[in-house]
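# Observations on chain architecture
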Amino acid sequence: MNNEDLLFYKKIQNIKDSVFKNGQIHLLKFLDSTKQEIVKSIVNKDVYIYFFGGYLNSDYKRCIISNFEMESLDFKINCYKIIYNKKYLTLNHRNILGTIMSLGISRDVLGDILNFDNEYYIFIANEICPYILENFKTINNHSISLEIINDINFNKIDEYEKKLYFLASLRLDVVISSLCNLSRNKSFEMITLDNVKVNHILIKNPSHILKENDILSIKGYGRMKVLSILNPTKSGKIKVELGKLI
């Protein structure tokens, strides 16, 4: 567990104790899957926990911690559709997130950025919505606007730009080197400096072996996925189809 996760662990322990003793209801900001697992590992039968990210099967979720069973839940999440001129602007997860983060807000007030049916949607904690609506008006110098969405049944389908690679191994540093067009030394450095997650969990071991359907989050490069591992070539190279989240 790194220092960030350790601090979060202690924070949740304190929140759980306070909720149990004082009968409070506590709503957390958006959590990635690692932090969701930390919450589940700490919270026991003493209190109740509920997770939701704005739609079924979201990656990022808010969490309610309560000392009693709740029937009515309000996670205080708004969903917005990004309205823009598709003739002049191409959206992707990276330029949306990068632009919003440049406004000086923290990642934990944002949920998923979802590409659904060729449209982009963002999930935002209610408390930060007025600021984002006031300041998030351009991406790459092109005007955008946000339209609040109240009733869409999202069936999440991530789309990946696919490419075939011939790799010496499925070591994490080898795959990152090929995916990001980096030297082995640079990919090694990125891993050891806590810039790489596999399946939303921080991995610091460059020799970690990847498997089919593993999801990689690489700081500065976005999200990647091991789509399929095919039969090796006669020369012993591993044929791998890798994808970058569009």
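Note that the structure is predicted; figures quoted are calculated from it, not measured. (Residues numbered from 1 in each chain as written. Predicted model: local features only at pLDDT ≥ 70, side-chain atom pairs only at ≥ 80, totals over all residues. Heavy atoms only, no water.)

## Structural notes on the layout of surface pockets
- In this structure, the largest pocket occupies an estimated 1100 Å³ of space.
- Lining the largest pocket we find 34 residues, and of these D32, Y60, R107, K197 and S217 sit closest to its centre.
- Of all the secondary-structure elements, those providing two or more residues to the lining of the largest pocket are α1 (3-22), β1 (25-27), α2 (33-42), α3 (93-101), β10 (196-198), β12 (215-218) and β13 (222-229).
- Class assignment for the residues of the lining of the largest pocket results in 11 nonpolar, 10 polar and 13 charged. (1 Å grid on protein atoms, 1.4 Å probe; cavity = no way out; pocket = protein on both sides within 12 Å on 5 of 7 lines; lining within 4 Å. Points joined across faces, edges and corners; volume = space filled by probe spheres on them. Helix = DSSP H or I, 4+ residues; strand = E, 2+ residues; numbered from the N terminus. Nonpolar A, V, L, I, M, F, W, Y, C, P; charged D, E, K, R; others polar.)

## Side note on the side chain of K61
- Topologically, K61 is positioned in the loop between β2 (48-52) and β3 (62-66).
- For the buried K61, no salt bridge is present, and the opposite-charge side chain at shortest range is D59, 6.2 Å distant.
- Reaching out from K61, the side chain makes a polar contact with the backbone oxygen of S58 at a distance of 2.5 Å. (Buried < 20%, exposed > 50% of the residue type's maximum accessible area, 1.4 Å probe, protein only. Lys, Arg positive; Asp, Glu negative; His and termini not counted. Salt bridge = Lys/Arg side-chain N within 4 Å of Asp/Glu carboxyl O. Polar contact = N/O pair within 3.5 Å; in protein donor to acceptor, adjacent residues only side chain to side chain.)

## Some points on the sheet that holds strand β6 (residues 119-125)
- With antiparallel pairing, five strands are arranged side by side in an open sheet as β5-β6-β4-β8-β7. Each having just a single partner strand, β5 (110-116) and β7 (138-139) make up the two edges of the open sheet.
- Two strands pair when backbone bridges link them, and strand β4 (residues 77-84) and strand β8 (residues 142-149) are joined in this way by six bridges, in the antiparallel orientation. Counterpart to K81 in the pairing with β8 is E147.
- Against the sheet, α3 contacts β4, β5, β6 and β7, and its axis sits at roughly 150° relative to β5. (Pairing = 2+ DSSP bridges. Contact = heavy atoms within 4.5 Å. Axes fitted to C-alpha atoms, helices over the stretch in contact; angles between N-to-C directions.)

## Concerning α3
- Those residues of α3 not exposed but buried are H93, N95, I96, L97, T99 and I100.
- For α3, the secondary structure elements touched by its buried residues are β4, β5, β6, α4 (129-135), β7 and β14 (238-245).
- Sitting at the amino-terminal end of α3 is N92, which places a side-chain oxygen 3.1 Å from the backbone nitrogen of R94.

## Points about the pattern of salt bridges
- Counted according to the given criterion, the structure contains 10 salt bridges.
- With its nearest N and O atoms 2.9 Å apart, the salt bridge here joins R223 to D59. Placement of the pair is R223 in strand β13 and D59 in the loop between β2 and β3, with a sequence separation of 164 residues.
- The exposure class assigned to R223 is buried, which follows from its relative accessible area of 15%.
- Exposure remark for D59: the relative accessible area of 19% places this residue in the buried category.
- Here K204 ties to D194 by a salt bridge, and the two come within 3.4 Å at their closest N and O atoms. Of this pair, K204 sits in the loop between β11 (201-202) and β12 while D194 sits in the loop between α6 (184-192) and β10; the two residues are 10 residues apart in sequence, bridging distant segments of the chain.
- For K204, a relative accessible area of 48% gives the class partly exposed.

## Some words on the packing of aromatic side chains
- Inspection of every chain in the model, using the stated rule, returns two aromatic pairs.
- Here the basic side chain of R62 rests over the ring of F30, its NZ or CZ set 5.9 Å away from the ring centre.
- Taking NZ or CZ as reference, R107 lies 4.1 Å from the ring centre of Y60, over its face. (Phe/Tyr/Trp six-rings, centres within 6.5 Å; stacked < 30°, edge-to-face > 60°. Lys NZ or Arg CZ within 6 Å of the ring centre and 35° of its normal.)

## Brief notes about the side chain of T99
- The topology assignment puts T99 in helix α3.
- For T99, the residues in contact, after removing those within four places along its chain, are F136, T138 and I139.

## Section: the pairing of β4
- In terms of burial, β4 is a largely internal element, seven of the eight residues being buried.
- In this sheet, β6 lies alongside β4 in antiparallel orientation, the contact comprising five bridges. Bridged to K81 within β6 is Y121.

## A word on unusual backbone geometry
- We note that N141 has phi near 70°; this positive angle belongs to a residue other than glycine.
- The exposure class of N141 is exposed, given its relative accessible area of 78%.
- Although it is not a glycine, N181 adopts a positive phi angle of roughly 55°.
- In this fold, N181 is placed in the loop between α5 (172-179) and α6.
- Residue classification places N181 among the exposed residues on the basis of a relative accessible area of 71%.

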